[in-house]
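Observations on chain architecture
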Amino acid sequence: LYWHSPFPAILEDGHFRIVDVNQAFVDYTGWSRNRLVGMDTLTLVPIEDHLLWESTRDPPAGAELPALMERRLVDAQGRDRWFRGARRQVTDTEGRALCLTVMQDCTAERAARERAERSLSELDQWFELSPVGMLAFDGAGLVLRSNAVFEALVGRVPVLLSEAPPGLNDLLGWHGPRSLGALQPGGEAAERRGWVAALPGARSRS
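Below, the structure is looked at part by part. (Residues numbered from 1 in each chain as written. Predicted model: local features only at pLDDT ≥ 70, side-chain atom pairs only at ≥ 80, totals over all residues. Heavy atoms only, no water.)

1. What about empty space enclosed by the protein?
Applying the stated criterion across every chain, the model contains two cavities of 30 Å³ or more. When its volume is computed, the second largest cavity comes out at roughly 30 Å³. At the level of elements, β1 (9-12), β4 (80-91) and β5 (97-105) are the ones that each hand at least two residues to the lining of the second largest cavity. For the lining of the second largest cavity, the per-class residue count stands at four nonpolar, two polar and two charged. (1 Å grid on protein atoms, 1.4 Å probe; cavity = no way out; pocket = protein on both sides within 12 Å on 5 of 7 lines; lining within 4 Å. Points joined across faces, edges and corners; volume = space filled by probe spheres on them. Helix = DSSP H or I, 4+ residues; strand = E, 2+ residues; numbered from the N terminus. Nonpolar A, V, L, I, M, F, W, Y, C, P; charged D, E, K, R; others polar.)

Spelled out as C-alpha cells, the structure:
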C-alpha cells in the first residue's frame, strides 16, 4: 500500500541506511533510487538539523512519531524540501527490524507561512514607526490594530466601527459591511478629509 502511495516513503535499516524508497520519494527529492539505496539518511539532511534528527531516529518498537512533526531534506538541486512524517518500525521477511517513514510534502505550505510571517513583521514595523495614524479593520468593521499616533488623534479606539462616532466612520469610509467593496488590492488609495472627535472639548482635523 505504502509503496504505491502518492506519498513519499522511505525504508531504513537498523543503522539508518536507506534500504529502499518508493517512486514518490524519488520524485520528491530528485535523487535516483540507485543513488539513494545504501545511503545514510543524514546525508540528505542539512547539517544544522542533524541533532534534531538524531534525537528521534530510534523510536521504541511499534511507536509512531507525532503526525504533525515537520522535518526537511535537501533535494538533488540543493533545495529544502519540508515534510510531515510518520515513522513506524516494521519487520521484513527475514525478521530484520526496519524503519518505515511515510511523508506528506508541506514545502509550499511552509514557504507560504514564512512569507506571511515576514509580511506581519513588516506590518508591525509600519504600525510602530509610522508618523501618521494607522488603523486596520476587517470587512465586518472589527478593529484589528491601531498605532499610538491614531490613538492620540481619536482618544479611545473602538472595538467595532459600528460603535465609532459618525465622524470617524466618515473619515474611514465605513458605512456597513459593503463599504470596502470599492477598494481593490493594488488599486488607488481613497483619500478623505474630515473632523473627528478627540479628547473631551477638543477637535482634531485628519
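2. Brief notes about the pattern of salt bridges
Applying the stated criterion across every chain yields a total of eleven salt bridges. Between Arg-110 and Glu-70 there is a salt bridge, with its nearest N and O atoms 2.7 Å apart. One end of the pair, Arg-110, is in helix α4 (residues 107-129); the other, Glu-70, is in strand β3 (residues 70-74), and 40 residues separate them in sequence. Notably, a salt bridge pairs Glu-109 with Arg-84, separated by 2.5 Å at the nearest N-O pair. Taken as a pair, Glu-109 in helix α4 and Arg-84 in strand β4 lie far apart in primary sequence, 25 residues in all. Salt bridges linked by common partners bring Glu-48, Asp-49, Arg-72 and Asp-80 together as one network. (Salt bridge = Lys/Arg side-chain N within 4 Å of Asp/Glu carboxyl O.)

3. A look at the sheet that holds strand β2 (residues 18-21)
The sheet built from five strands is open, its strands ordered β2-β1-β5-β4-β3 with antiparallel pairing. Lying at the two open borders of the sheet, with one neighbouring strand each, are β2 and β3. The mean inter-strand angle of the sheet, taken between neighbouring strand axes irrespective of direction, is 35°. For β1 and β2, the ladder comprises three bridges, and the chain directions are antiparallel. (Pairing = 2+ DSSP bridges. Axes fitted to C-alpha atoms, helices over the stretch in contact; angles between N-to-C directions.)

4. Brief notes about the nonpolar core
One finds Ile-18, Val-21, Phe-25, Leu-36, Leu-44, Leu-73 and Met-103 to be the most contacted residues of the largest nonpolar core, which totals 15 residues. Looking at this core, the element that brings in the most residues is helix α1 (residues 23-29), giving three residues. Each residue touching Met-103, except ones within four places of it in the same chain, is listed here: Phe-7, Pro-8, Ile-10, Phe-25, Tyr-28, Leu-73, Phe-83, Arg-84 and Gly-85. Residues Leu-135, Leu-161, Leu-171 and Leu-172 belong to the second largest nonpolar core, which totals 13 residues. (Core = buried A, V, L, I, M, F, W, Y, C linked by side-chain atoms within 4.5 Å. Buried < 20%, exposed > 50% of the residue type's maximum accessible area, 1.4 Å probe, protein only. Contact = heavy atoms within 4.5 Å.)

5. Brief notes about the side chain of Ser-130
Within the fold, Ser-130 resides in the loop between α4 and β6 (135-137). A polar contact of 3.2 Å, which involves the side chain of Ser-130, links it to the backbone nitrogen of Val-132. If near-sequence neighbours (up to four positions away) are discounted, Ser-130 is found in contact with Gln-125, Asn-147 and Val-149. (Polar contact = N/O pair within 3.5 Å; in protein donor to acceptor, adjacent residues only side chain to side chain.)

6. Some remarks on the pairing of β3
The element β3 is extensively covered by neighbouring structure, given that four of its five residues are classed as buried. Pairing of β3 with β4 involves five bridges; the strand directions are antiparallel. Bridge pairing links Val-74 to Asp-80 in β4. Hairpin connection of β3 to β4: five residues between the antiparallel strands, including Gly-78 at a positive phi of 85°.

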